[in-house]
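Examination of the molecular architecture
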Amino acid sequence: MHSDKNKEAIDDGEEIEVADDISQFPTGLGRKYSPVVAHDVNDSVVIEMTSIHPGSSSSFPKHELKKVKVGVQPNMASEEREESLANHSINGPQRESKLELFGFDSLVNILGLKSMTGDQIQAPSSPRDGEDVAITFEQPKPTADKSGTWMGVFMPCLQNILGIIYYIRFSWIVGMAGIGESLLLVVFCGSCTFLTTVSLSAIASNGAMKGGGPYYLIGRALGPEVGVSIGLCFFLGNAIAGAMYVLGAVETFLNAVPSAGIFRETITRVNGTDIAEPITSPSLHDLQIYGIVVSILLCFVVFGGVKMINRVAPAFLVPVLFSLLCIFVGIFSARHDRPAVGITGLSLESFKNNWGSSYQMTNNAGIPDPNGKIYWDFNALVGLFFPAVTGIMAGSNRSASLKDTQRSIPVGTLAATLTTTGLYLVSVLLFGAVSTRDKLLTDRLLSATVAWPLPAIVYVGIILSTLGAALQSLTGAPRLLAAIANDDILPVLNYFKVADGHEPHVATLFTAFICIGCVVIGNLDLVSPTSTMFYLVCYAGVNLSSFLLDLLDAPSWRPRWKFHHWGLSLVGALLCIVIMFLISWAFTIVSLALASLIYYYVSIKGKAGDWGDGFKSAYFQLALRSLRSLGANQVHPKNWYPIPLVFCRPWGKLPENVPCHPKLADFANCMKKKGRGMSIFVSIIDGDYHERAEDAKAACEQLSTYIEYKQCEGVAEIVVAPNMSEGFRGIVQTMGLGNLKPNIIVMRYPEIWRRENLTDIPATFVGIINDCIVANKAVVIVKGLDEWPNEYQRQYGTIDLYWIVRDGGLMLLLSQLLLTKDSFEGCKIQVFCIAEEDSDAEGLKADVKKFLYDLRMQAEVIVISMKSWEAQGEKQESVEAFSAAQQRVASYLEEMKEQARRDGTPLLADGKPVFVEEQQVEKFLYTTLKLNLMIQKYSRMAAVVLVSLPPPPSNHPASFYMEYMDLLVENVPRLLIVRGYHKDVVTLFT
């Protein structure tokens, strides 16, 4: 390498850019940078080395290290690539590897273990498999500050859970339901969120977690379709909840400061209680104007990023906690009719009076009124109170900003859930003991009334708690939407993609637009149940995810959170569904319908991705269990299904981009009833497995894609073998498991062998048929495959069966399967039976008709006796073909005899000894000729003809058998040559 050059060509297309003077690199480095070699032919390796930070203690000379780019030739084997890259190392003298025997780079260099080297390798931005990933070795880039358990999870959850319901609805709920049922209500709703938190903790602690919170967990557990549908619903729930909290804060502010209203509206309602006070409600226009302004201000805070939110969040939370302290101090210091009429102070008598429920009619403001239109019961109170326990996902929504998701999410979320549930239980007891029932039912802000020293403190707490909850909702929703977009499932969401470490500004604008739209509606009672439903859909998804993963218990299911069980997750999911219907069956149906529509849209328009979800694990375990239950015993004919093994490229050449003859896939579909069944498409690559393993992998992917394109239910298999015969022999012995082994071999008839002088085909063809006979596999050989109709080409005429030998009913079953297809549904079946000269033709015909009747098959039966063969006229073309076959057989026989005389050996063909009787050869030729003439006579208008396959005669050369077969198929445009096996595939009995 010349020092005046900074670029060197390596092989073809490889370049390395290095410093001007590479010789100054130190040789005693404690670490070498070894390239990671990709094993995919399309992969490339990019290594970037940046200059050392000035603050480093290293003694590197101050030379700028330029980008090093190594392009790997796609056709090189992995060993050659490693050697090529090693020969062009730029790190100076490399130290000897003590693990050279194992043939791998050290784990430090491959995994980039930070604890060992201080280096980091960025994970792929998307979890989708199969993507090219550029791996960069460089100094760690400065990343955004990560949050811990307290600031990242506990505080957001606490702010989201402690909302307006506690301040302005909780005391009223205690008055309506009584202390006993209020405790039950808190436990009932709290159990739902507690069980959801346990499920969330188990999934979140089962591995590294990226952005997206519950969407990420549900998607990886239940699949991308379910994950996206529930994730988008949860996004809408968060955005709508932000509007609900903003409306609650504005309504509280306008109630506390009526003079701030631009439009004033006061409504006085007379109620049937001892304490009658005028009820004022803010104007809708005031709610809209103030709500829009507050939403815009909160969005500006969210635009500042997680760091600004973490700075602002305590300013919202601390006054809330102080207001709670003031409420409890006021309760303990309250006395009779102080600070207001109806306050009794903590009294056992009030506790007893308020223990039972007092469900009754109320007006729209919730004031008891015998003429009211709303009747409250426990179910209705569940819908009113449940939003007070939601918000447990606020911490997991920010999973991308957490230092340790596996610890922070379980600890922080569970702590916030237990804290708020304990607060609610204590508050039920205190509110029930400090006031009369009339005061509980009429004073909407009893918490402010009893607060010490001033009610204004509670007003401030209400406003700040709702604004804090709104801030957390508007923070989590955009990150959730960006995480869904980054997974690249729905192309329509590409506008919301965001790079790692960046703020989702576009998603934030979209969330603000939804929030402001809901604020404009201005109806808190309409917005609240909508967001609650979406929350419950998400909670049910989390519980179902944990239930499925825990029940399947795959080897990868090893959560650090040990306190979980699939039964708890199932109960949690059922509780979510029950609560949804208790709140509102109409909103439940709407929310589930929306989730179903999104699921349907994703399944159609979304990009397929395999995330190793629980459904795939369930399918796998179900398949294993079903396979074991089938056993290895013979399948009953009533349960017999054709499992064809389709030979994709047996004879001749196809274009390189066509892995299988197109009509073979069409024919494989014809062998299934209503598409049920499985086909195995097999192709054999000649060569050494070690040399052609990558070619086989690429061919298998191409064949799988083609099968999916042809809409054929099946799997692709590629086998590398020294030759086709050896490959097929291995396939027929080992392919399949238990009773799910292929039972029919489907291949194309080699019509081209004589035309293209492919002399090796006869031996291969006969060997395959003999292998099938030995392995007890049925055989279907398709002649005229190029003319086989597709599903849109309607056929008319007949399906003719020339039933010569007993085949277990396979030929009859194939004809019935053909009739189930649109292409052949207009055809009728004719069965031709070949009778010996001395047999009773009429008796045979009656027996066959009775047999077909018992099989529930409609067909016309025609019996042809051997005597009629001699009376058939012979076509000129057939006579010429027969004569040509005789001449070729005689010539080939003479060559074999001459070769045997020269070598002093017995007759050999294809390397095997043969014994040929010329009279027998003539008889076989004559038999196939007569059968061919009969097919041409009776089946000229047939859509397809099925005929029994004669087995290859033992000790006959393969070329002789091909002569017999060529005579049999001569001038028959579309023919299926069928050989059954020693198993019945149809049955007479029910």
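Per an unreviewed UniProt entry, the recorded name for the protein chain is Cation-chloride cotransporter 1, and the organism is Nicotiana attenuata. Here is the UniProt Subcellular location (unreviewed entry) comment for the protein chain, exactly as written: "Membrane". One UniProt comment on the protein chain, placed under Sequence similarities (unreviewed entry), says "Belongs to the SLC12A transporter family."

1. Thoughts on the sheet that holds strand S10 (residues 744-748)
The sheet built from 10 strands is open, its strands ordered S9-S8-S7-S10-S11-S18-S17-S12-S13-S14 with mixed pairing. Among the strands making up the open sheet, the edge pair consists of strand S9 (714-721) and strand S14 (860-865). Neighbour-to-neighbour, the strand axes of the sheet open up by a mean angle of 20°, direction not taken into account. With 4 bridges connecting them, strand S17 (residues 942-948) and strand S18 (residues 975-979) associate as parallel partners. Bridge pairing links Val947 to Ile977 in S18. Sheet strands in contact with helix H25 (residues 761-774) are strand S7 (644-647), S10, strand S11 (778-783) and S18, and its direction is about 165° off that of S10.

2. Concerning the confidence of the model for the protein chain
Scored by pLDDT, the protein chain comes out at a mean of 78, with 79% of its residues at no less than 70. Below a pLDDT of 50 lies the segment residues 110-142, which in the model reaches 61 contacts outside its immediate sequence neighbourhood of four places, other chains included. Below pLDDT 50 for its whole length, residues 268-276 participates in 18 contacts with residues either more than four positions away or in separate chains.

3. What to know about the packing of aromatic side chains
In total, this model carries 27 aromatic pairs according to the counting rule given. Taking 5.8 Å as the distance between ring centres and 45° as the angle between the ring planes, the aromatic pair formed by Phe170 and Phe385 counts as tilted. With Phe170 in helix H6 (residues 170-204) and Phe385 in helix H12 (residues 378-385), this pair connects stretches of sequence that are 215 residues apart. Taking the relative accessible area as the measure of exposure, Phe385 reaches 0% and is therefore buried. The interplanar angle of 5° and the centroid separation of 4.5 Å between the aromatic rings of Tyr802 and Phe832 together place this pair among those described as stacked.

Procedures and definitions
- Residues numbered from 1 in each chain as written.
- Predicted model: local features only at pLDDT ≥ 70, side-chain atom pairs only at ≥ 80, totals over all residues.
- Heavy atoms only, no water.
- UniProt positions renumbered as here; feature names shortened; annotations may be inferred.
- Pairing = 2+ DSSP bridges.
- Helix = DSSP H or I, 4+ residues; strand = E, 2+ residues; numbered from the N terminus.
- Axes fitted to C-alpha atoms, helices over the stretch in contact; angles between N-to-C directions.
- Contact = heavy atoms within 4.5 Å.
- pLDDT = per-residue confidence, 0-100.
- Phe/Tyr/Trp six-rings, centres within 6.5 Å; stacked < 30°, edge-to-face > 60°.
- Buried < 20%, exposed > 50% of the residue type's maximum accessible area, 1.4 Å probe, protein only.

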